[in-house]
Every structure is written in C-alpha cells, then in structure tokens.
Amino acid sequence: SAAPRYHSRRFTPRMPRRQSSQSSEGSMTRSEGEQSRPSRRLGITGYVGLVREGYDELVKAIIRPPRAEYSLNDLGPSEFRYGGVDFVRQDVSVPNRRGLALCGSLWRRADLEPGSSFPCVVYLHGNASCRAEATTIASQVLALGAALFSFDFAGCGLSEGNYISLGFFERDDVETMIGWLREYAGVGAVALWGRSMGAVSSVMQAARDPSIAGLVLDSPFASLEQVALELVSGGPDGDRPEGVPNVPGFLVKSALRMVASSVKSRAGFDLYKCRPVDAAPTCFMPALFATAHDDVLVRPHHSRLIFDAFAGDKNLVTFEGDHNEMRPGFFLDSAAIFFTNVLRIPDAAALEVPTDHSGRPLPLMQVLLMQQRGAAARLYGPRGGEATQAERARLRAEAQQELERQQLEEEEMLNRAILESLSSSEPPAACRQRASDNHAPQPPPAAPPAEAKEVLL
C-alpha cells in the first residue's frame, strides 16, 4: 500500500522575543466577528459529524504530525571553535530495533584522545520537531565541558519511518542511540534532556535503564489517553489548542476509542499503554522537572503527576509561557547546574564562553553567526583587541534580529502545515532523497583530528 504523505515545515531554532499585547491564549483567541456570531444548536447528527471531523485530525496529531524539514547546514559547521576550544560535529545513521535508520549528531571536543571517556547530554526533541532543536541549548551543555548528542526520532526530521508514537517506540530509539554512544563513540556518563515527546521517551527508557545519570524533563504528559481527552474536551476553562474541535462530553470516550483503534492499526501501538506516569515509580536517578503555566497542549498537572510518582531525587520548576515558548534563563541555569552534578563534571572542564548581560552563555548559533561577521577575535579578547560595549551590543542585536525573523517564518509555515489534511501518498521526493543521502552506513568514529581549523557557520 502507498505510504502516507506527511506535512513538512522548515525548522528554525527559536530565540527569545517580546510577548505581544495579545491575551495569554494568543492566536487561539477568536476575533470579535467570530465571537459575535450566534451559536448554532446541534442535534445528535450534528454532534456525530463534529466527532468525525475531529477524529481524523486527532489521529493525525498523534501519529503523523508535520515533519520538520531541515538540512545538515542548519546544524552549523562540522568544525568550529567555541570558548577557545576546537569542536567537531559527527553525523551518524544508526538502525533502530525496527530497522529504521535514525539520523543523529554528536558535538564534542576535537582534542579528545582515542579511547578516552567523556560525559554526554542526549537531547530528545519534541513532537513535530528534529535534532536541530538541540542547537538552542548547545551553548549551555558545551560550556560545562560535556558533549552533546541529539537525533531525529523515527518518523521525524531526516530519520526513516512514517509514523511516531509519542514515546511508545521512541524509548527504543533512545536505547539504541545510548548503546551506540557507549560502544562506538567513547561516551561514559549519559544524562537525558527531553522536551514534550522527548521527555516522555526519557521517563519510559529511564525506567528500564538505571545507568542513566539524570533526567531533565520539560513538559512530559502523564498519559497519552489523558492528553487526547483534554485536547477534545478542553481544560477546566474550556480552552483548547487552535484547530481542535469541541467534542461534547458524552461523545468524548467513544471518539477516543475510535482514535485508539485507528492508531493501533496504522502505527502498531496501543494508545492506552503510553503512560509514562506508570514508569515513574521505577526511575531512581535524579530528575529536574519543568512546566509552563499557560501550556494548553500538555497541561501543567501532567508534570506534577509524574513528579509525585517519580522515585528518585527530584525538583520541579515552573515558569511563564506556553508549550513551545523559549525557556527562561533561570531554568537553563538550573539545568546546567543539574548536569554538572549528575555527570560529575569538574569545574576545571568548564569553558570561558561569550555571555550575555546576565552572565549566561550566548546561544551557540548566535556566537557562530557573530564569528561569521568578523566579531570572533573581539569576543575572545586580546587576539584581535577588545570590542567596545557598543560594538558587542550592536553585533548581538543584529544576530538576534536575524534569528527572530527566521523564527517568525518557521511559525507561519508550521501553522499552515497543521491546518492541511493528510492523504495516502508517498512522501515528497525531495525529502526522501535528502533522508536517503544521510542514511548510508557509517563505520565507528575515527580518532579525532590532531588539529581542527576554525571555520565559520
């Protein structure tokens, strides 16, 4: 049978931006014209039609969301200099349990001796995203002295696969990649940093792998069934993400059974068994939980439920924003301190990197963009002379404005993709070709080069 066609969207790392003057619901707020329209009463036939309309959209949201589209160039250079140290990025393709090629990238120091063991943070992306998401937190991890690894889950980004499972099969992908890191890349201690689907996958894998040093869990859901119910029925205030129809309460359970049956026949997993809250009692490593107050996709009480059931040492932080908004600096600081402790990274391993006015590392892609504009020597001190405060501010402002522009374009494309319908046809040829180009078998990593040149992003 023909493989399902997926939506694609251009992935662009997010940068902080000012909140608009809109209400906290943002784009979900109806226009005055829509609010003024009289509501039409629905009979049982109308309600059944509404369920059918929402049923197909919910199935797509669970197992075939828009696929993030990007190229390896979006991950930055394969060799670069950061904090006075040469780094390399190693791109790999590893088959998972189901025989699907998973595409991943390892950012590490170039001066590591062959056979040496080093700590690594594995970043696990969210739904409808990809490994390029890891570039938004790369500076926090690399500045600690740890390596960073991220990959596209099956069915996401450049990896093979037609469907996702929101954690059920993704936990096996995590196990596969941790095994590769330890066997072929020389990684020692491993910690996981997951967001949304990635956080769920982290919990479900950690329950069966006690060797994982620690977990940072950003907005995991407690059970997929509960998330689906809340999507169609709304929260306590009746709010729901844009595009999800309001299904009356007496039809919600029936609609969910239809969804679960379709999910199992298409993607091969039981929606009702995707319950990270049940895995939490057998997780004994430390964990840092995080959730946003205004998240209507995965509501804050999900993190609290897993937190309460989690067996290991734990802490929970909350902050303003929604599910996909850039995380505040104090949370990134907390994550950095957490990884330093659980991976036992000595203070001497930390790098002296460019920082913002709060003393936090500037985003890696922003620093490399500034290097591209000829600012690297001034940022790193006496090799090129000191930059004035005004020059630094101007360069940072220009880099941030460029990334904000790209972010807005990415959000517009994502909104358009979510509203489109899926049909049963082959994936776009261009994306299939790009994925196949990166799936060639790769040998174990060679010894790092003795000396890596500084290159520009």
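Trainee: How would you explain the overall build of the protein chain if you had to name every residue and give the values?
Mentor: Secondary structure summary: the protein chain contains 14 helices and eleven strands in total. A total accessible area of about 20600 Å² is found for the protein chain, and carbon and sulfur atoms account for 50% of it.

Trainee: Let's hear about helix α10 (residues 329-342): which residues, and what values?
Mentor: Taking 1.5 Å of rise per residue, 14 residues should cover 20 Å, and α10 covers 20 Å from first to last C-alpha, within 8% of that figure. Those residues of α10 not exposed but buried are Phe331, Leu332, Ala335, Ala336, Phe338, Phe339, Thr340 and Val342. In the segment just after α10, Arg344 is the residue with positive phi, at about 55 degrees.

Trainee: For the side chain of Gln205, give the residues involved together with the corresponding values.
Mentor: Relative to the assigned elements, Gln205 resides in helix α5 (residues 197-206). Sequence-distant contacts of Gln205, defined by excluding residues within four places in its chain, comprise Arg171, Val174, Glu175 and Ile212.

Trainee: Explain the packing of helix α6 (residues 224-233) against helix α9 (residues 300-309) to me, and be specific about the residues and the numbers.
Mentor: The interhelical angle for the contact between α6 and α9, taken along N-to-C directions, is 160 degrees, at an axis separation of 11 Å. As the angle between them shows, α6 and α9 are arranged roughly antiparallel. Every pair of crossing elements has a handedness; the one defined by α6 and α9 is right-handed. Every residue of α9 that contacts α6 at Gln226, Val227 and Glu230 is listed here: His301, His302 and Leu305. Considering only residue class, the contact of α6 with α9 consists of two nonpolar, three polar and one charged.

Trainee: Residue-level account of the packing of helix α4 (residues 170-184) against α5, with values.
Mentor: Relative orientation and spacing of two packed helices are given, respectively, by the angle between their axes and the distance between those axes. Put simply, α4 and α5 touch, their axes get as near as 8 Å, and they point 70 degrees apart. Looking at the two axes, α4 sits roughly perpendicular to α5. Here Glu170, Arg171, Val174 and Glu175 of α4 lie close against α5, whose contacting residues are Met197, Ser201, Met204 and Gln205. In the contact of α4 with α5, the residues fall into three nonpolar, two polar and three charged.

Trainee: Can you tell me about the nonpolar core, naming the residues and giving the values?
Mentor: In this structure, Ile62, Phe149, Leu181, Leu192, Leu215 and Phe269 are the most contacted members of the largest nonpolar core, which totals 70 residues. If near-sequence neighbours (up to four positions away) are discounted, Leu215 is found in contact with Leu192, Ser202, Ala206, Met285, Pro286, Ala287, Leu288, Phe310 and Phe338. Counting 48 residues, the second-largest nonpolar core is a separate cluster that includes Tyr82, Val141, Ala146 and Ala335.

Trainee: A description of the pattern of salt bridges should follow, citing residues and the corresponding values.
Mentor: Within this structure, the stated rule accounts for 14 salt bridges. Put simply, Arg304 and Asp308 hold a salt bridge, and the shortest N to O gap is 3.8 Å. Here Arg304 pairs with Asp308, and both are found in helix α9, just four residues apart, close to one helical turn. Here the residues in one salt-bridge network are Arg97, Asp172, Glu175 and Arg208, joined through shared partners.

Trainee: Could you give an account of the sheet that holds strand β8 (residues 187-195), naming the residues involved and the relevant values?
Mentor: If you trace the nine strands from one edge of the open sheet to the other, you get β3-β4-β5-β7-β6-β8-β9-β10-β11, paired in mixed fashion. Two strands close off the open sheet at either side, each with one partner strand: β3 (79-82) and β11 (314-319). Across the sheet, the mean angle from the axis of one strand to that of its neighbour is 20 degrees, orientation sign disregarded. Along the sheet, α5 contacts β6 (118-124), β8 and β9 (215-218); its crossing angle with β8, the most-contacted strand, is approximately 135 degrees.

Trainee: Could you give an account of unusual backbone geometry, naming the residues involved and the relevant values?
Mentor: Phi at Leu166 is positive, roughly 55 degrees, even though this residue is not glycine. Assignment of secondary structure puts Leu166 in the loop between β7 (147-151) and α4. The class of Leu166 is buried, set by a relative accessible area of 8%. Of note in the backbone geometry, Ser219 takes a positive phi value of approximately 60 degrees without being a glycine. For Ser219, the location among the structural elements is in the loop between β9 and α6.

Trainee: Talk me through the pairing of β3; I want residue IDs and the actual numbers.
Mentor: Where β3 and strand β4 (residues 85-95) come together, four bridges link them in antiparallel fashion. Residue pairing in the sheet places Arg81 in a bridge with Asp86 of β4. Count of turn residues in the β3/β4 antiparallel hairpin: two residues, of which Gly83 carries a positive phi of about 65 degrees.

So, how was this worked out
- All residue numbers refer to positions counted from 1 along the written sequence of the respective chain.
- Per-residue local features are limited, in this predicted model, to residues with pLDDT of at least 70; the limit for side-chain atom pairs, both in listing and counting, is 80 or more; totals at the level of whole chains, interfaces and linings are taken over all residues.
- Computation of side-chain values covers all heavy atoms of the structure but excludes hydrogens and water.
- Numbered from the N terminus, helices here are DSSP runs of H or I no shorter than four residues, and strands are runs of E no shorter than two.
- Calculation of accessible area relied on Shrake-Rupley with a 1.4 Å probe; when residues are assessed, cover is drawn exclusively from the protein chains displayed.
- One less than the residue count of a helix, multiplied by 1.5 Å, gives the span that helix is expected to have.
- With a 1.4 Å probe rolled over the protein chains alone, any residue whose accessible area is under 20% of its type maximum counts as buried; one over 50% counts as exposed, and the rest are partly exposed.
- Any two residues whose heavy atoms approach within 4.5 Å are treated as being in contact.
- For every element, the axis is a line fit to its C-alpha atoms; helices are fit only across the contacting stretch, and the angle between N-to-C directions ranges from 0 to 180 degrees.
- The cut-offs work like this: below 35 degrees is roughly parallel, past 145 is roughly antiparallel, 65 to 115 is roughly perpendicular, and the gaps in between are oblique.
- Each helix crossing is assigned a hand: it is left-handed if the near helix lies turned anticlockwise from the far helix by less than a right angle, otherwise right-handed if that turn is clockwise.
- Under the scheme applied here, ten amino acids are nonpolar (Ala, Val, Leu, Ile, Met, Phe, Trp, Tyr, Cys and Pro), four are charged (Asp, Glu, Lys and Arg), and all others, including Gly, are polar.
- The criterion is simple. A nonpolar core is a set of buried Ala, Val, Leu, Ile, Met, Phe, Trp, Tyr and Cys residues joined through side-chain atoms within 4.5 Å.
- A side-chain nitrogen of Lys or Arg and a carboxyl oxygen of Asp or Glu constitute a salt bridge if their distance falls within 4 Å.
- Two strands pair under a simple rule: DSSP has to find at least two bridges between them.

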